[in-house]
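# Observations on the model geometry
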Amino acid sequence: MPSAKQSIYYLVVINVVIFIIGYFFKISEVQALALYFPLNEKFNYYQVLTHMFMHGGISHLLFNMYALWSFGTPLETSWQTPKFLMFYFATGIGAALLYTLVNYYQFSVIFNQIVAFGYSAETIQTMLTSGYVDSNLVNQVGKSTFMELMSIFHSPVVGASGAIYGILVAFAFTYPNAKLSLIFLPIPINAKYFVPVIIAGDLFFGLTKYSVGNIAHFAHVGGAVTALIIILLWKRNNNKMVKP
């Protein structure tokens, strides 16, 4: 069984290799690992797992891998490799599922609005698949709303960020008084306060229009929520085991 350091090392190496192959060589098979919207023809069920090994840029990759190494190493040392890997992939998959459910809801609201204007489901699907833009439809629903529909349908999500947020939650539970700080707020804060604040920030930006950049905030929230559920289940089971 690989040690904690070795296991995270392998995860980092795999992510870096896939990033290099996909980002610099544009190999289509690698691009297919990203998570697409379920109604998109490029969607496959395995993408709920494989998207965790894809990243949208060098900074995205470096940030996630640094966080994986920094916060994941003490957790895996404490938990041992099988438990850590199960947790890592479970939170990543949970992040993908919540992100997809939120996107599906948002997509359905706009889709039904367009149907109410007299467009058939088949016509809408054809427009989305072909990329054809009906100017009359854009005028009816609004340009920003139509672009949101197109973005949900065509834009894949990539990255291990959901699993990283899961690791942050676990770290806060395991080492609540560890001092952490943000780049733009270089003041040491206990992990038990730091992690809830950044999750609340993602929830706020996900629910509002104030988000800057193409960030999957609900994937972050999904990873955190999945982690919380797993940790609470572990605690409940442990409490049952210690009772006489």
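Here we summarise the structure given alongside this text. Each chain carries its own residue numbering, running from 1 in the direction its sequence is written. Reporting of local features is limited, given that this is a predicted model, to residues whose pLDDT is at least 70; pairs of side-chain atoms are given and counted only at 80 or more, and all residues count toward the totals for whole chains, interfaces and linings. The basis for the side-chain values is all heavy atoms of the structure; hydrogens and waters are excluded.

To continue, consider a nonpolar patch on the surface. Among the surface-exposed residues, Ile20, Tyr23, Phe24, Phe25, Ile27, Ile58 and Leu62 lie close enough to one another that they form a single nonpolar patch of about 690 Å² accessible area. Think of it this way: any DSSP run of H or I at least four residues long counts as a helix, any run of E at least two long counts as a strand, and we number them from the N terminus. Breaking the nonpolar patch down by element, the ones donating at least two residues are helix H1 (4–25) and helix H4 (58–79). At four residues, the largest contribution of residues to the nonpolar patch is made by H1. Turning to its location among the elements, Leu62 is positioned in helix H4. Three exposure classes are used, based on accessible area relative to the maximum for each residue type with a 1.4 Å probe and protein chains only: buried under 20%, partly exposed in between, and exposed over 50%. Classification of Leu62 as exposed rests on a relative accessible area of 54%. Patch building starts from residues that exceed 30% relative accessible area and form no salt bridge, then joins like charges within 9 Å and nonpolar side chains (Val, Leu, Ile, Met, Phe, Trp, Tyr) within 5 Å. Each accessible area value is a Shrake-Rupley result obtained with a 1.4 Å probe; residue values ignore everything except the protein chains displayed when judging cover. Definition used for salt bridges: Asp or Glu carboxyl oxygen within 4 Å of a side-chain nitrogen of Lys or Arg.

Looking now at the packing of aromatic side chains. Paired rings are identified among Phe, Tyr and Trp, the last through its six-membered ring, by centres lying within 6.5 Å, and are further divided according to the angle between planes into stacked (under 30 degrees), edge-to-face (over 60) and tilted (the rest). By the definition in use, this model includes 16 aromatic pairs. Taken together, a centroid distance of 5.2 Å and an interplanar angle of 75° make the contact between Tyr88 and Phe89 edge-to-face. Residue classification places Tyr88 among the buried residues on the basis of a relative accessible area of 1%. A network of ring pairs unites the aromatic residues Phe37, Tyr104, Phe107, Phe111 and Phe153 as a single cluster.

A few words on the environment of Asp134. In this fold, Asp134 is placed in the loop between helix H6 (121–130) and helix H7 (135–141). Sequence spacing of Asp134 and His154 is 20 residues, and the spatial spacing of their C-alpha atoms is 17 Å. Any pair of residues with heavy atoms lying within 4.5 Å of one another is described as a contacting pair. Setting aside chain neighbours within four positions, we find Asp134 in contact with Tyr119 and Met127.

Of the residues making up H6, those classed as buried are Ile124, Met127 and Leu128. Along the axis of H6, the buried positions cluster into a sector of 95°, meaning they face one direction only. Among the exposed residues of H6, those oriented more than 90 degrees off its buried face are Glu122, Thr126 and Ser130. Positive backbone phi, approximately 85°, marks Gly131, located one or two places after H6. This arc is taken over the directions from the axis of the helix to the C-beta atoms.

Moving on to the nonpolar core. By nonpolar core is meant a set of buried Ala, Val, Leu, Ile, Met, Phe, Trp, Tyr and Cys residues that side-chain atoms within 4.5 Å join together. Counting 40 residues, the largest nonpolar core has Leu68, Phe84 and Tyr88 as its most contacted members. Take this core: its biggest share by element is nine residues, from helix H9 (residues 161–174). When sequence neighbours within four positions are dropped, the list of residues in contact with Tyr88 reads Leu11, Met52, Leu68, Ala160, Ala163 and Ile167. Ile110, Leu128, Phe146 and Ile152 belong to the second-largest nonpolar core, a separate cluster that totals 17 residues.

Before going further, it helps to spend a moment on the packing of helix H5 (residues 81–116) against helix H8 (residues 143–154). Their axes nearest at 10 Å, the elements H5 and H8 cross at an angle of 135°. Here H8 runs oblique to H5, going by the angle between their axes. Remark: the crossing between H5 and H8 carries left-handed chirality. Along the contact surface, H5 presents Asn103, Gln106, Phe107, Ile110, Phe111, Gln113 and Ile114, while H8 presents Thr145, Glu148, Leu149, Ile152 and Phe153. Whenever a helix is involved, its axis is fitted only over the stretch in contact; in every case the axis is a line through C-alpha atoms, and angles between N-to-C directions fall within 0 to 180 degrees. We call two directions roughly parallel when the angle between them is under 35 degrees, roughly antiparallel when it is over 145, roughly perpendicular when it lies between 65 and 115, and oblique otherwise. Note on convention: the crossing is left-handed when the near helix lies turned anticlockwise from the far helix by less than a right angle, right-handed when the turn is clockwise.

The subject of this paragraph is unusual backbone geometry. Even without a glycine there, the phi angle at Gln80 is positive, about 85°. Within the fold, Gln80 resides in the loop between H4 and H5.

Contact geometry of H5 with H9 gives a least axis separation of 7 Å together with a crossing angle of 125°. Taken together, the axes of H5 and H9 lie oblique to each other. The handedness of the crossing between H5 and H9 is right-handed. Between H5, through Phe84, Phe87, Tyr88, Thr91, Gly92 and Ala95, and H9, the contact on the second element is made entirely by Gly162, Ala163, Gly166, Ile167 and Ala170. Each residue is assigned to one of three groups, with Ala, Val, Leu, Ile, Met, Phe, Trp, Tyr, Cys and Pro labelled nonpolar, Asp, Glu, Lys and Arg labelled charged, and all others, Gly among them, labelled polar. Of the residues in the contact of H5 with H9, the class split is seven nonpolar, four polar and no charged.

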